[in-house]
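# Close look at the chain arrangement
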Amino acid sequence: MKVLIIGSGGREHAIAWKVAKSPKVEKIYCAPGNGGISQVAECVPIGAMEFDKLAAFAKEKEIDLTIVGMDDPLVGGVVDVFEKEGLRVFGPRKNAAILEGSKAFSKDLMKKYHIPTAAYENFDNPEAAIAYLKEKAEFPIVLKADGLALGKGVLICNTLEEAEEGVKTIMLDKKFGSAGNTLVIEEFMTGREVSVLSFVDGKTIKTMTSAQDHKRAKDGDQGLNTGGMGTFSPSPFYTKEIDEFCQKNIYQPTVDAMAAEGREFKGIIFFGLMLTEKGPKVLEYNARFGDPEAQVVIPRMKNDMVEVCEACIDGTLDQINLEFEDNAAVCVVLASDGYPVSYEKGFPIEGLENFEGKEGYYVFHAGTALKDGKIVTNGGRVLGVTAKGATLKEARKNAYAATEWIQFENKYMRHDIGKAIDEA
Ligand code: AMP
Ligand code: GLY
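Residues numbered from 1 in each chain as written. Chains lettered and ligands numbered in written order. Predicted model: local features only at pLDDT ≥ 70, side-chain atom pairs only at ≥ 80, totals over all residues. Heavy atoms only, no water.

So, on to the site of ligand 1. Lining the immediate environment of ligand 1, one finds 13 residues, of which Glu-186, Glu-187, Met-189, Glu-193 and Glu-284 sit closest. One nitrogen or oxygen atom from the main chain of Glu-187 is found 2.9 Å from a nitrogen atom belonging to ligand 1. Between an oxygen atom of ligand 1 and a side-chain N or O atom of Glu-284, the distance comes to 3.0 Å. Counting residues per element, the ones that place at least two in the shell around ligand 1 are strand S7 (141-145), strand S8 (154-157), strand S9 (183-187) and strand S17 (279-286). Class assignment for the residues of the shell around ligand 1 results in 6 nonpolar, no polar and 7 charged. (Near = heavy atom within 4 Å. Polar contact = N/O pair within 3.5 Å; in protein donor to acceptor, adjacent residues only side chain to side chain. Helix = DSSP H or I, 4+ residues; strand = E, 2+ residues; numbered from the N terminus. Nonpolar A, V, L, I, M, F, W, Y, C, P; charged D, E, K, R; others polar.)

As structure tokens, this is what we get:
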């Protein structure tokens, strides 16, 4: 088979690495890809939002399967464009990717189908939002831009003044662009966060092993929100009882709700959960693998990823026995100092060869480029260093040891990825 992967981050590197292991696959392309992905796939300079060019490329190269890694093209309808051309593609159509693309939609869906989530109201009008905050809100309160905002459109406000400022930032100053045309105001919840990713074929859902992300830039969960500074898998807090509750009350009901709405979901549903005192609740849905959740979940997956993706497309996921290794993995992101605000790039990366032939150690490239035959830094998040271990503690020790194998001028990382493991 010939496979095309759409995207350019660490997640897509992990997907490409896994697809390359499939005995069915003879050639992998990635659009646009990055420096590391070019080691397992042929990178093609077509942007992830250039749907017509992507589809034309897939036709010309007779691609048998396209896997969409990123949220923007999914929400924009790349799957519909591919399907119209008779191309096989893994991911939700536009009318289903709205599960991630509109938080107002997903909140209304959860309310209608009694899926546990924080109490909320949606607003199209800033005056109405401010009136609600003055009359009804309890603080802290959470403001969310409705649309895609690179994971940055969520504001936690401790006072009325902060919340009023937040409404202005999102709805009037349009800090997140049209993502802020609608605002969700949501109850503040506390608890541990868990990411559970799943494969879905429209009717059947099979969940993957759990993971936990670290969104803040600095140690001790300080600093700004980022795309994710590191992950571990599985989460020791995601117990069998919690899983049973979520399978029954969250996962299958979400798939059934989408089908009932005429928005059959095929692809990945990523459940961002909070384990509150009153039980697990949905923080958010994503319509794709998490980044960097993929970097710890995929290396532990036993199945042939291509087979599972095809089963989702064909509606035969019920026949797949999805299996994960009985071990653990930790990913530490090596970023450019200054991320997520401003940082320099273009620095040569030393030590990548240390990972060659090392079983259970992986270096997934997020923001790198190939310049004059040398891999250089090319983004805020540069590399995801992942290691497996028999236990979470061992995986964490291995991952941090492997971070020392890599050097570049403004290398920055958190030193407490997986600290929560010690409290389990
Ligand atoms: P989201 O993009 O919706 O996952 O939000 C980003 C982050 O904001 C989450 O990972 C949580 O840490 C935090 N967050 C979102 N919604 C809430 C909420 N209702 N209560 C507390 N924290 C929240
Ligand atoms: N790591 C969080 C996300 O991919 O949205």
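Throughout the structure, instances matching the rule amount to 12 aromatic pairs. Ring plane angle 5° and centroid distance 5.8 Å describe the contact between Tyr-362 and Phe-364, whose orientation is recorded as stacked. Each member of the pair, Tyr-362 as well as Phe-364, is classed as buried. A network of ring pairs unites the aromatic residues Trp-17, Tyr-362 and Phe-364 as a single cluster. We note Lys-27 situated over the ring of Tyr-29; from NZ or CZ to the ring centre the distance is 5.0 Å. Sitting over the face of the ring of Trp-405, Lys-358 holds its NZ or CZ atom 4.7 Å from the ring centroid. (Phe/Tyr/Trp six-rings, centres within 6.5 Å; stacked < 30°, edge-to-face > 60°. Buried < 20%, exposed > 50% of the residue type's maximum accessible area, 1.4 Å probe, protein only. Lys NZ or Arg CZ within 6 Å of the ring centre and 35° of its normal.)

For the pair helix H5 (residues 94-101) and helix H6 (residues 103-112), the least separation of the axes is 6 Å and the interaxial angle reads 95°. The pairing of H5 with H6 is recorded here as roughly perpendicular in orientation. Contact residues: H5 offers Ile-98, Leu-99 and Gly-101, while H6 offers Lys-103, Phe-105, Ser-106 and Leu-109. Its residues assigned to classes, the contact of H5 with H6 comprises 4 nonpolar, 2 polar and 1 charged. (Axes fitted to C-alpha atoms, helices over the stretch in contact; angles between N-to-C directions. Parallel < 35°, antiparallel > 145°, perpendicular 65-115°, else oblique. Contact = heavy atoms within 4.5 Å.)

This part is about the pattern of salt bridges. For the structure shown, the criterion picks out 25 salt bridges. Two residues, Asp-71 and Arg-288, come together in a salt bridge whose shortest N-O distance is 3.8 Å. Remark: Arg-288 occurs in the loop between S17 and helix H10 (294-297) and Asp-71 occurs in helix H3 (residues 71-76); sequence separation between them is 217 residues. For the pair formed by Asp-71 and Arg-288, the shared burial category is buried. When salt bridges that share partners are traced, they join Lys-24, Arg-88, Glu-310 and Asp-314 into one network. (Salt bridge = Lys/Arg side-chain N within 4 Å of Asp/Glu carboxyl O.)

Close to ligand 2 lie Asp-213, Gly-227, Phe-270, Asn-286, Arg-288, Gly-290, Asp-291, Pro-292 and Glu-293. Note that a nitrogen atom of ligand 2 is positioned 2.8 Å from one of the side-chain N or O atoms of Glu-293. For ligand 2, the accessible surface in isolation is 200 Å², of which the surrounding protein chains cover 89%. Per-class residue counts for the shell around ligand 2 are 2 nonpolar, 3 polar and 4 charged. (Areas by Shrake-Rupley, 256 points an atom, 1.4 Å probe, with all protein chains shown as cover.)

Moving on, we come to the sheet that holds strand S16 (residues 266-276). The 4 strands lie next to each other as S11-S10-S16-S17, forming an open sheet whose pairing is antiparallel. Each edge of the open sheet carries a strand with a single partner, namely strand S11 (205-207) and S17. Taking each pair of neighbouring strands and ignoring which way they run, the sheet shows an average axis angle of 35°. The pairing of strand S10 (residues 192-201) with S16 spans 10 bridges and is antiparallel. Paired with Leu-197 across the strands is Phe-270, a residue of S16. (Pairing = 2+ DSSP bridges.)

Our focus in this paragraph is the packing of helix H7 (residues 126-136) against helix H8 (residues 160-172). It is at 10 Å that the axes of H7 and H8 come closest, and there the two elements cross at 165°. By the criterion of interaxial angle, the relationship of H7 to H8 is roughly antiparallel. The way H7 lies across H8 gives a crossing that is right-handed. Contact residues: Pro-126, Ala-129, Ile-130, Leu-133 and Lys-134 in H7; Leu-160, Ala-163, Glu-164, Val-167, Met-171 and Leu-172 in H8. (Left-handed = near helix turned anticlockwise from the far one by under 90°.)

Within the fold, Lys-94 resides in helix H5. Put simply, Lys-94 and Leu-74 are 20 residues apart on the chain and 6.3 Å apart in space, counted from C-alpha to C-alpha. Apart from the residues within four sequence positions on either side, Lys-94 is in contact with Leu-74, Val-75, Gly-76, Gly-77 and Asp-80.

All right, on to unusual backbone geometry then. Glycine aside, a negative phi is what most residues show, and trans is what most peptide bonds show. Cis geometry marks the peptide bond from Ala-31 to Pro-32, where omega comes out at -10°. Its place among the elements puts Pro-32 in strand S2 (residues 27-32). The residue Asp-372 is not glycine, and still its phi comes out positive at about 50°.

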